[in-house]
Amino acid sequence: MPKRNDLEYKAFQYILNNGEQGVLQSELWRILGASSREGSRIALKLENKGLIRREKELFDGRWTYRLYPKRQPATVDSIIDCPCLGCSESVKCGSWAPVSPNDCERLTEWLMGLVIKQSESLGDS
Ligand code: SF4
């Protein structure tokens, strides 16, 4: 049987990789080769650390939990359209430089677009 810390790490990686889809607790332990008792302890530990959230779910007539990561790691996709990536001013841009992100209209517009997208997706759920 794998060590508990290894299992905890592997469980968290698996939960992270499933993202918003989540993973059934029982399925996760089966995949990782852990007992349900060991798995429940690990899930509680990850939840107590603030890394995951558990939501009760009825599956095949039995109550179980679906596990979701609380945060998703940043991806390149999340910044692929950031105006700074192709900006001709980026070499001389800095917080205290003459060209600054503090008052850049293009950056502000891009960030506001992200905020609007985020609030729309929260409104949909
Ligand atoms: S903050 Fe504005 S000026 Fe600076 S690199 Fe980004 S887009 Fe260019």
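Here the structure is shown first, and the text comes after it.
Residues numbered from 1 in each chain as written. Predicted model: local features only at pLDDT ≥ 70, side-chain atom pairs only at ≥ 80, totals over all residues.

Caption draft 1: Molecular detail of the pairing of strand 2 (residues 52–59). Looking at chain direction, strand 2 and strand 3 (residues 62–69) are connected through eight bridges and run antiparallel. Counterpart to Glu55 in the pairing with strand 3 is Arg66. The hairpin formed by strand 2 and strand 3 contains two residues between the paired strands, and Asp60 there has a positive phi angle of roughly 55°. (Pairing = 2+ DSSP bridges. Helix = DSSP H or I, 4+ residues; strand = E, 2+ residues; numbered from the N terminus.)

Caption draft 2: Looking closely at the site of the ligand. Surveying the vicinity of the ligand reveals the residues Pro83, Cys84, Cys87, Glu89, Ser90, Cys93, Val99, Pro101, Cys104, Arg106 and Leu107. Of the residues contributing to the shell around the ligand, the split by class is eight nonpolar, one polar and two charged. (Near = placed C-beta within 6 Å. Nonpolar A, V, L, I, M, F, W, Y, C, P; charged D, E, K, R; others polar.)

Caption draft 3: Spotlight on the packing of helix 2 (residues 25–32) against helix 3 (residues 36–48). Look at helix 2 against helix 3: their axes get within 10 Å of each other, and the N-to-C directions meet at 115°. Classified by the interaxial angle, the pair formed by helix 2 and helix 3 is roughly perpendicular. For helix 2 against helix 3, the interelement crossing comes out right-handed. Contacts between helix 2 and helix 3 involve Gln25, Ser26, Leu28 and Trp29 from the first element and Ser36, Gly39 and Ala43 from the second. When its residues are assigned to classes, the contact of helix 2 with helix 3 shows three nonpolar, four polar and no charged. (Axes fitted to C-alpha atoms, helices over the stretch in contact; angles between N-to-C directions. Parallel < 35°, antiparallel > 145°, perpendicular 65-115°, else oblique. Left-handed = near helix turned anticlockwise from the far one by under 90°. Contact = placed C-beta atoms within 7 Å.)

Caption draft 4: The arrangement of helix 3 in detail. Spanning 13 residues, helix 3 covers 18 Å between terminal C-alpha atoms, matching the ideal 18 Å at 1.5 Å per step. Along helix 3, the residues that are buried comprise Gly39, Ile42, Ala43 and Leu46. For helix 3, the buried positions fall inside an angular range of 100° around the axis, keeping them on one side. Among the exposed residues of helix 3, those pointing more than 90 degrees away from its buried face are Arg37 and Asn48. Phi for Gly50, located one or two positions after helix 3, is positive at around 80°. (Expected span 1.5 Å × (residues − 1). Buried ≥ 20, exposed ≤ 12 C-beta atoms within 10 Å, placed from the backbone. Arc of directions from axis to C-beta.)

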